[in-house]
Amino acid sequence: MGNARTLFDGQTCRIHVLDVDSGRATLVHEGSEVLFEAPNWTADDQLIVNGDGLLWSLPADGSAPPRRIVLEVPELNNDHVLAPDGETIFLSANDGQLYQAPLTGGPVRRVTANDDRKHFLHGVSPDGGSLAYVGIENLNFDTGTLWTIGADGTGDTRLTMAGSGPDDGPEYSPDGGWIYFNTERFSTAKGHAQIARIRPDGTGLEQLTSDERVNWFPHPSPDGDRTVYLSFPPGTQGHPADRTVELRLVEGDSWHAPRILAELPGGQGTINVNSWSPYGRRFAYVDYPLKQG
């Protein structure tokens with residue numbers, strides 16, 4: 001469909017669930033037809049993924065294949081975040097707008113009204129009242145800045161200014177006190193994104209990682225004790241697909257000492273959105289290996 005990513009010949013899409021404490025990863029889906037991306041994890045142990053510009057669900061234990069959630073919405077990209085009510089999900093569509101939809105399928109509600117800015121959702125506040133997104137002006141991703149907006153579409157507010165970014169991946173901490181994100185504003189080298197956080201009122205900007213790698217998409221666990229993020233090789237620009245990447249884990253505030261949980265063929269689509277289980281012991285991710293030979 002449209003702008004949706006597809007698999008190469010000989011490439012497969014694999015959805016895994018990783019137990020953080022044991023380090024054991026369980027394969028819950030493998031296929032070569034649909035390129036699935038960006039798992040969320042519901043309270044009733046379903047994984048919500050994007051594929052072919054559509055939304056799908058599958059059991060987190062892999063006991064059934066992905067099934068389509070039929071929604072009356074434009075083609076979707078892979079930015080989608082569950083609402084705290086457990087019944088709805090906020091979505092980014094390829095028309096650049098944000099929507100709210102029932103997890104059971106059906107009609108959707110458009111949240112954003114600004115047609116001059118593209119909106120890419122990454123965070124929902126713990127009370128469900130606010131959304132954190134990346135705003136893109138003139139289709140120039142180098143202008144990406146952080147914004148919040150009420151879930152009802154009111155109160156559109158810029159948190160960071162253009163010219164020192166771009167910023168991406170804003171996600172609320174479980175207590176709502178911070179928004180974690182990745183940004184290039186601490187480096188003069190293009191593409192050298194690092195993890196940072198900022199208060200929801202736009203104050204208190206703080207750099208958290210500072211290394212030679214390119215770090216994206218920080219996802220705090222539900223209890224706030226751990227954060228997983230995606231780490232690209234040095235020199236990577238943006239967050240491309242089909243690279244050898246690492247999933248890294250930070251315990252508490254020990255950002256200087258991340259633990260490498262896995263190395264895999266992935267990048268774009270692997271963990272674009274928060275995929276922690278409700279109890280914070282496991283998370284889901286996707287990789288895209290090519291068959292050898």
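I will try to describe carefully the structure that is included in this document. Everything numeric in this text was worked out from a predicted model, so none of it was measured.

**Thoughts on the overall build of the chain**
So, point 1. The secondary structure content of the chain amounts to zero helices and 25 strands.
So, point 2. For the chain, whose C-alpha radius of gyration is 17 Å, the value lies close to the compact-globule estimate of 19 Å for 293 residues.
So, point 3. Along the first, second and third principal axes, the C-alpha atoms of the chain reach 45 × 45 × 35 Å.
So, point 4. Here the chain holds 293 residues, and 56% of them are scored as buried.
So, point 5. Taking contacts inside the chain between residues at least 6 apart in sequence as the whole, the part at least 24 apart equals 42%.
So, point 6. A total accessible area of about 12,300 Å² is found for the chain, and carbon and sulfur atoms account for 47% of it.

**Considering the sheet that holds strand 17 (residues 167–172)**
So, point 1. Pairing within the open sheet is antiparallel, and its four strands lie in the order 17-18-19-20. Of all the strands in the sheet, the pair left with one neighbour each is strand 17 and strand 20 (206–207).
So, point 2. Looking at chain direction, strand 19 (residues 194–198) and strand 20 are connected through two bridges and run antiparallel. Bridge pairing in strand 20 places Ala196 opposite Gln207.

**Quick look at the pattern of salt bridges**
So, point 1. Here the structure, examined in full by the defined rule, presents 14 salt bridges.
So, point 2. Linking Arg197 and Glu206 is a salt bridge whose minimum nitrogen-to-oxygen distance equals 2.9 Å.
So, point 3. Judged by relative accessible area, Glu206 falls into the partly exposed class, the value being 30%.
So, point 4. Linked by salt bridges that have partners in common, Asp21, Arg226, Glu251 and Arg259 make up one network.

**With respect to the sheet that holds strand 22 (residues 226–232)**
So, point 1. With respect to topology, four strands assemble into an open sheet ordered 21-22-23-24, the strand pairing being antiparallel. Edge positions in the open sheet fall to strand 21 (214–220) and strand 24 (259–266), since each of these has one partner strand only. Averaged over all pairs of adjacent strands, the angle between their axes in this sheet comes to 25 degrees, without regard to strand direction.
So, point 2. Summarising the sheet, strand 21 and strand 22 pair through five bridges and their orientation is antiparallel. Bridged to Pro220 within strand 22 is Thr227.

**So, the packing of aromatic side chains**
So, point 1. Under the criterion given, the structure shown has seven aromatic pairs.
So, point 2. When the centroid spacing of 5.3 Å and the interplanar angle of 85 degrees are considered together, the rings of Phe36 and Trp56 count as edge-to-face. In this pair, Phe36 sits in strand 3 (residues 36–41) while Trp56 sits in strand 5 (residues 54–59), placing the two residues 20 residues apart along the sequence.
So, point 3. Looking at Phe36, the relative accessible area reads 3%, which means it is buried.
So, point 4. Overall, the relative accessible area of 15% leaves Trp56 in the buried class.
So, point 5. For the ring pair Tyr229 and Trp255, a centre distance of 6.1 Å and an interplane angle of 25 degrees mean the geometry is stacked. Residue Tyr229 is located in strand 22, and its partner Trp255 is located in the loop between strand 23 (243–251) and strand 24; the two are separated by 26 residues in the primary sequence.
So, point 6. Note on Trp255: relative accessible area 7%, which makes it buried.
So, point 7. Looking at Arg5, its charged tip hangs above the ring of Tyr288, at a distance of 5.3 Å from the centre.
So, point 8. It is Arg117 that lies over the ring of Trp147; its NZ or CZ is 3.6 Å from the centre.

**Notes on the pairing of strand 14 (residues 130–137)**
Here is the key point about a regular strand: its side chains alternate between the two faces of the sheet.
So, point 1. Among the eight residues in strand 14, six count as buried, and that is most of the element.
So, point 2. In this structure, the hairpin formed by strand 13 (residues 117–124) and strand 14 is closed by a connection of five residues, where Gly128 is found at a positive phi of approximately 75 degrees.

**Some thoughts on the environment of Asp175**
So, point 1. Turning to its location among the elements, Asp175 is positioned in the loop between strand 17 and strand 18 (179–183).
So, point 2. Distance from Asp175 to Ser125, taken between C-alpha atoms, is 8.6 Å for residues 50 residues apart in sequence.
So, point 3. A distance of 2.6 Å separates a polar atom in the side chain of Asp175 from a polar atom in the side chain of Ser173.
So, point 4. Separated by 2.9 Å, the side chain of Asp175 and the backbone nitrogen of Gly177 make a polar contact.

**Some thoughts on the side chain of Arg197**
So, point 1. You can see Arg197 is positioned in strand 19.
So, point 2. For Arg197, a relative accessible area of 11% corresponds to the buried category.
So, point 3. Engagement of the side chain of Arg197 in a polar contact is seen with the side chain of Tyr180, the distance being 2.9 Å.
So, point 4. Not counting chain neighbours up to four residues away, the residues in contact with Arg197 comprise Trp178, Ile179, Tyr180, Phe181, Gly204, Leu205, Glu206, Leu208 and Asp253.

Cut-off values and rules
Residues numbered from 1 in each chain as written. Predicted model: local features only at pLDDT ≥ 70, side-chain atom pairs only at ≥ 80, totals over all residues. Heavy atoms only, no water. Helix = DSSP H or I, 4+ residues; strand = E, 2+ residues; numbered from the N terminus. Rg over C-alpha atoms; globule rule 2.2 N^0.38 Å. Buried < 20%, exposed > 50% of the residue type's maximum accessible area, 1.4 Å probe, protein only. Contact = heavy atoms within 4.5 Å. Areas by Shrake-Rupley, 256 points an atom, 1.4 Å probe, with all protein chains shown as cover. Pairing = 2+ DSSP bridges. Salt bridge = Lys/Arg side-chain N within 4 Å of Asp/Glu carboxyl O. Axes fitted to C-alpha atoms, helices over the stretch in contact; angles between N-to-C directions. Phe/Tyr/Trp six-rings, centres within 6.5 Å; stacked < 30°, edge-to-face > 60°. Lys NZ or Arg CZ within 6 Å of the ring centre and 35° of its normal. Polar contact = N/O pair within 3.5 Å; in protein donor to acceptor, adjacent residues only side chain to side chain.

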